[in-house]
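Summary of the model geometry
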Amino acid sequence: MSESNRQLLTLGIFLLTIVVAIGLYAVGLIEWTLIAPVVLLLSGLWMLALAAIRMGNPIRYERSGFSTMALGLIAIAVGGAWFLWGINWLYSIILVLLVAAALSLAAALKRK
């Protein structure tokens, strides 16, 4: 898959995540203040899928699949922490620390 097709696919997925978040709000599953965290969560999931695609077919002088995976996990952590803040702020801290631990373990195992 060429890079321009990946970029176009990413734009389409991002617009779809916005539609899903607004749809969840319209149905009444989330409040309007949680639209941005849901978009971050879903975009992070797409970044993980994109990382898997990039690991299978790396492009020279482009962001690596590992880097894309790290950005996806960070987006999921930020969106999840924002979402969990309304429940209990300790859950937000636990999620961020869990993702930081996962990233450090993945980086350590990658260097082997």
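Our subject in this report is the structure included herewith. Predicted model only: the values in this text are computed from it and were never measured.

**Quick notes on the packing of helix 2 (residues 35-56) against helix 3 (residues 65-85)**
Across the interface, helix 2 lies against helix 3 with an axial gap of 7 Å and an inter-helix angle of 165°. Here helix 2 is positioned roughly antiparallel relative to helix 3, judged by the angle of their axes. Our pair here, helix 2 against helix 3, has a crossing hand that is left-handed. Looking at the contact of helix 2 with helix 3, its residues break down into 19 nonpolar, six polar and one charged.

**A look at the environment of Trp82**
With respect to the element layout, Trp82 can be found in helix 3. Residues Trp82 and Leu34, 48 residues apart in the sequence, show an inter-C-alpha distance of 8.1 Å. Once residues lying within four places of it in the same chain are set aside, the contact partners of Trp82 are Thr33, Ala36, Pro37 and Leu40.

**Regarding helix 3**
Compared with an ideal rise of 1.5 Å per residue, which puts 21 residues at 30 Å, helix 3 spans 30 Å between its outermost C-alpha atoms and is within 8% of the ideal. Buried residues belonging to helix 3 abut helix 2 and helix 4 (89-110).

**Brief notes about a nonpolar patch on the surface**
Taken together, the side chains of Phe83, Trp85, Ile87, Trp89, Leu90, Tyr91, Ile93, Ile94 and Leu97 define a hydrophobic patch exposed on the protein surface, amounting to about 960 Å² of accessible area. Those elements giving two or more residues to the nonpolar patch turn out to be helix 3 and helix 4. Take the nonpolar patch: its biggest share by element is six residues, from helix 4. For Phe83, the position within the fold is in helix 3.

**As for the packing of helix 3 against helix 4**
Between helix 3 and helix 4, the shortest axis-to-axis distance is 7 Å and the interhelical angle comes to 170°. Taken together, the axes of helix 3 and helix 4 are roughly antiparallel relative to one another. Two secondary-structure elements touch here, helix 3 through Phe66, Met69, Ala70, Leu73, Ile74, Ile76, Ala77, Gly80, Ala81, Leu84 and Trp85 and helix 4 through Trp89, Tyr91, Ser92, Leu95, Val96, Val99, Leu103, Ala106, Ala107 and Lys110. In the contact of helix 3 with helix 4, the residues fall into 18 nonpolar, two polar and one charged.

**Here we look at the side chain of Thr17**
Take Thr17: it is sitting in helix 1 (residues 3-27). For Thr17, a relative accessible area of 6% puts it in the buried group. There is a polar contact of 2.5 Å between the side chain of Thr17 and the backbone oxygen of Phe14. When neighbours within four sequence positions are excluded, Thr17 is seen to be in contact with Val39, Leu42 and Ser43.

Analysis parameters
- Residues numbered from 1 in each chain as written.
- Predicted model: local features only at pLDDT ≥ 70, side-chain atom pairs only at ≥ 80, totals over all residues.
- Heavy atoms only, no water.
- Axes fitted to C-alpha atoms, helices over the stretch in contact; angles between N-to-C directions.
- Helix = DSSP H or I, 4+ residues; strand = E, 2+ residues; numbered from the N terminus.
- Parallel < 35°, antiparallel > 145°, perpendicular 65-115°, else oblique.
- Left-handed = near helix turned anticlockwise from the far one by under 90°.
- Nonpolar A, V, L, I, M, F, W, Y, C, P; charged D, E, K, R; others polar.
- Contact = heavy atoms within 4.5 Å.
- Expected span 1.5 Å × (residues − 1).
- Patch = residues over 30% accessible without salt bridge, like charges linked within 9 Å, V, L, I, M, F, W, Y side chains within 5 Å.
- Areas by Shrake-Rupley, 256 points an atom, 1.4 Å probe, with all protein chains shown as cover.
- Salt bridge = Lys/Arg side-chain N within 4 Å of Asp/Glu carboxyl O.
- Buried < 20%, exposed > 50% of the residue type's maximum accessible area, 1.4 Å probe, protein only.
- Polar contact = N/O pair within 3.5 Å; in protein donor to acceptor, adjacent residues only side chain to side chain.

Purely spatial values, then, with no claim about function.
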